[in-house]
Amino acid sequence: MRLLFLALGWLFVALGVAGAFLPVLPTTPFLLLAVACFARSSPRLEAWLMNHPRFGEPLRNWREKGAIPRRAKIAAVAMMAASYAIFWFGTSPPFWRAVLVAVLMIGPAVFVVTRPEPGA
C-alpha cells in the first residue's frame, strides 16, 4: 500500500503543477490529495510539500483551519458560474437538466464560500 500511496502522491503533484499553468485544471485540490497520500507513504515528502515555498501556505491553511483565501473563493465561484453559463448557452439544456446541474454546482460553491479565510 505504501508504494501505491507514493505513486498516487506523485501523480497528484504532477497534476497540481500542471494546474498551476493550465487555467482549467485546479492546483490546490490535487496538492491536498498528494499531501494525504504522502502522509500515508512518506513523511519526508509530506513535509517537503507542506513547507514548499509556493504551495505550502495554502496546504497548511487548509490542514490547520480548513481555510481558503478570499481570492481563491472568488476565482472558484466565478469559474463555476462561467462554466454554468457555457453549459446553459452552449447546450440549451432541458429545464430539468439545467436545474440538476445548478443544484450540483451550488453545493460546492456554498461549501467554498462558507470556509474560513486564513488569518480570520
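Attention here is on the structure that accompanies the text. (Residues numbered from 1 in each chain as written. Predicted model: local features only at pLDDT ≥ 70, side-chain atom pairs only at ≥ 80, totals over all residues. Heavy atoms only, no water.)

1. With respect to a nonpolar patch on the surface
Where we set the bar: The residues that make up patches have over 30% relative accessible area and no salt bridge, and they are joined within 9 Å when like-charged or within 5 Å when they are Val, Leu, Ile, Met, Phe, Trp or Tyr. Here the accessible surface of atoms and residues is derived via Shrake-Rupley with a 1.4 Å probe, and residues count as covered only by protein chains that are part of the display. Salt bridge criterion: a side-chain nitrogen from Lys or Arg within 4 Å of a carboxyl oxygen from Asp or Glu. Every helix listed is a DSSP run of H or I at least four residues long, and every strand listed is a run of E at least two residues long, numbered separately from the N terminus. Note on exposure labels: buried denotes an accessible area under 20% of the residue type's maximum, exposed denotes more than 50%, and partly exposed covers the range between, all computed with a 1.4 Å probe on protein chains only.
A contiguous nonpolar patch, built from Val-17, Phe-21, Leu-22 and Val-24 and spanning about 450 Å² of accessible area, is present on the exposed surface. Here Val-17 shows up in helix α1 (residues 2–21). Relative accessible area serves as the criterion here: at 35%, Val-17 is assigned to the partly exposed category.

2. Section: unusual backbone geometry
A positive phi angle, close to 45°, is found at Ser-92, a residue other than glycine. For Ser-92, the position within the fold is in the loop between α5 (70–91) and α6 (95–114).

3. Brief notes about the packing of helix α2 (residues 28–41) against helix α4 (residues 56–65)
In a pair of packed helices, the angle between the axes and the distance between the axes together describe the arrangement. Quick note on the threshold: To define axes, lines are fitted to C-alpha atoms, for helices over the stretch in contact only, and angles between the resulting N-to-C directions are given on a 0 to 180 degree scale. Just so you know how the angles are binned, under 35 degrees is roughly parallel, over 145 roughly antiparallel, 65 to 115 roughly perpendicular, and the rest oblique. With the far helix as reference, a near helix turned anticlockwise by less than a right angle produces a left-handed crossing, and one turned clockwise produces a right-handed crossing. In what follows, residue pairs with any heavy atoms lying within 4.5 Å of each other are defined as contacts. Residues are sorted three ways: Asp, Glu, Lys and Arg are charged, Ala, Val, Leu, Ile, Met, Phe, Trp, Tyr, Cys and Pro are nonpolar, and all the rest, Gly among them, are polar.
At a closest axis distance of 10 Å, the pairing of α2 and α4 adopts a crossing angle of 70°. With respect to each other, α2 and α4 are oriented roughly perpendicular. The handedness of the crossing between α2 and α4 comes out as right-handed. Contacts between α2 and α4 involve Thr-28, Leu-31, Leu-32, Val-35 and Ala-39 on the former and, on the latter, Leu-59, Trp-62 and Arg-63. Of the residues that constitute the contact of α2 with α4, the class distribution is 6 nonpolar, 1 polar and 1 charged.

4. Digging into the packing of helix α3 (residues 43–50) against α4
Interaxial distance between α3 and α4 falls to 7 Å at its minimum, and their mutual angle equals 105°. On the basis of their axis angle, the class for α3 and α4 is roughly perpendicular. Across the interface between the two elements, Glu-46, Leu-49 and Met-50 of α3 pack against Gly-56, Leu-59, Arg-60 and Arg-63 of α4. Class assignment of the residues belonging to the contact of α3 with α4 gives a composition of 3 nonpolar, 1 polar and 3 charged.

5. Details of α6
Rules: One fewer than the residue count of a helix, multiplied by 1.5 Å, yields its expected span. What the arc covers is the set of directions going from the helix axis to the C-beta atoms.
For α6, which comprises 20 residues, the first-to-last C-alpha distance of 28 Å matches the rise-based estimate of 28 Å (1.5 Å per residue) to within 8%. Residues Ala-98, Ala-102, Ala-109 and Val-112 constitute the buried set of α6. Summarising the axial view, the buried residues of α6 lie within an arc of 85°, below the 170-degree limit, and thus occupy one face. Of the exposed residues in α6, the ones pointing more than 90 degrees away from its buried face are Trp-96, Val-103 and Leu-104. In this fold, the buried residues of α6 make contact with α5.

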